[in-house]
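Spelled out, the chains give:
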Amino acid sequence: MNKIMYKIIKNANVIISRAENPVIIWEYATQKDELIAEAKFFRAHSYFYLYRMFNNIYVTSETVTVDNAFDVVNDKSSEEEIFALINSDLNFSIENLDWMDTFGRVTKGTAKHVKAKVA
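The shown structure was predicted, so the numbers you read here are calculated from the model rather than taken from an experiment.

Draft legend 1. The arrangement of the overall build of the protein chain in detail. When helices and strands are tallied, the protein chain shows four helices and zero strands. Taken from N to C terminus, the helices and strands of the protein chain fall in the order α-α-α-α. The C-alpha radius of gyration of the protein chain comes to 15 Å, within 12% of the 14 Å expected for a compact globule of 119 residues. Its C-alpha atoms give the protein chain principal-axis dimensions of about 40 × 35 × 25 Å. Relative to its full complement of 119 residues, the protein chain shows a buried share of 33%. Counting contacts in the protein chain only where the partners sit at least 6 residues apart, residues at least 24 apart contribute 62% of the total. For the protein chain, the exposed area adds up to about 7900 Å²; of that, 56% sits on carbon and sulfur atoms.

Printed below as a string of structure tokens:
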């Protein structure tokens with residue numbers, strides 16, 4: 001399960017960085033914001049799960065590239081850093097997701113539920 005959470009985080013970071021790329025032209029700005037909000041929700045949920053399981057995790061919002069793929073992390077992130085990223089991601093999700101969506105999709109209610117668990 002832990003490998004899956006880290007894979008979700010990696011994929012969310014890629015989605016967020018690609019969506020924020022100025023080269024991509026979005027038909028509607030809300031499409032971009034909704035995509036980023038969903039990715040940030042999954043990143044926040046995964047980091048919160050890992051924090052509850054291990055308490056000594058390293059959080060980052062950087063995409064893995066050729067330049068940083070082999071950087072060694074020597075220390076865990078502080079509790080303040082972890083919860084700052086989690087809360088920031090959830091706040092963005094709450095602001096940019098709708099209350100109702102297709103069954104199975106992340107909604108504002110889902111993000112608020114996780115935000116309540118984090119609090």
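Back to the text.
Draft legend 2. Looking closely at the environment of F42. You can see F42 is positioned in helix α2 (residues 29-54). On a C-alpha basis, the gap between F42 and N96 in space is 14 Å, while along the polypeptide they are 54 residues apart. Residues within four places of F42 in sequence aside, it is in contact with I8 and V106.

Draft legend 3. Just the nonpolar core, in detail. Core analysis: the biggest nonpolar cluster contains 23 residues, and Y47, I57, I86, L90 and V118 have the highest contact counts within it. For this core, the elements supplying multiple residues, two or more each, are α1 (2-19), α2, α3 (79-96) and α4 (108-118). Of the residues forming this core, the biggest block, eight residues, is contributed by α2. If near-sequence neighbours (up to four positions away) are discounted, L90 is found in contact with F41, A44, A111, V114, K115 and V118. Grouped together as the second largest cluster of nonpolar side chains are five residues, A12, I16, A19 and I36 included.

Draft legend 4. Geometry of the confidence of the model for the protein chain. Looking at the protein chain as a whole, the pLDDT averages 85, with 91% of positions reaching at least 70. Between the elements of the protein chain, mean pLDDT differs from a low of 89, seen in α1, to a high of 93, seen in α4.

Draft legend 5. How the structure looks around the environment of I86. Counting through the fold element by element, I86 comes out in helix α3. Accessibility expressed as a relative area gives 0% for I86, which makes it buried. Taking the C-alpha atoms as reference points, I86 and F41, separated by 45 residues in sequence, lie 8.5 Å from one another. Contacts of I86, omitting those with residues within four sequence positions, involve A44, Y47, F48 and V118.

Cut-offs and rules
Residues numbered from 1 in each chain as written. Predicted model: local features only at pLDDT ≥ 70, side-chain atom pairs only at ≥ 80, totals over all residues. Heavy atoms only, no water. Helix = DSSP H or I, 4+ residues; strand = E, 2+ residues; numbered from the N terminus. Rg over C-alpha atoms; globule rule 2.2 N^0.38 Å. Buried < 20%, exposed > 50% of the residue type's maximum accessible area, 1.4 Å probe, protein only. Contact = heavy atoms within 4.5 Å. Areas by Shrake-Rupley, 256 points an atom, 1.4 Å probe, with all protein chains shown as cover. Core = buried A, V, L, I, M, F, W, Y, C linked by side-chain atoms within 4.5 Å. pLDDT = per-residue confidence, 0-100.

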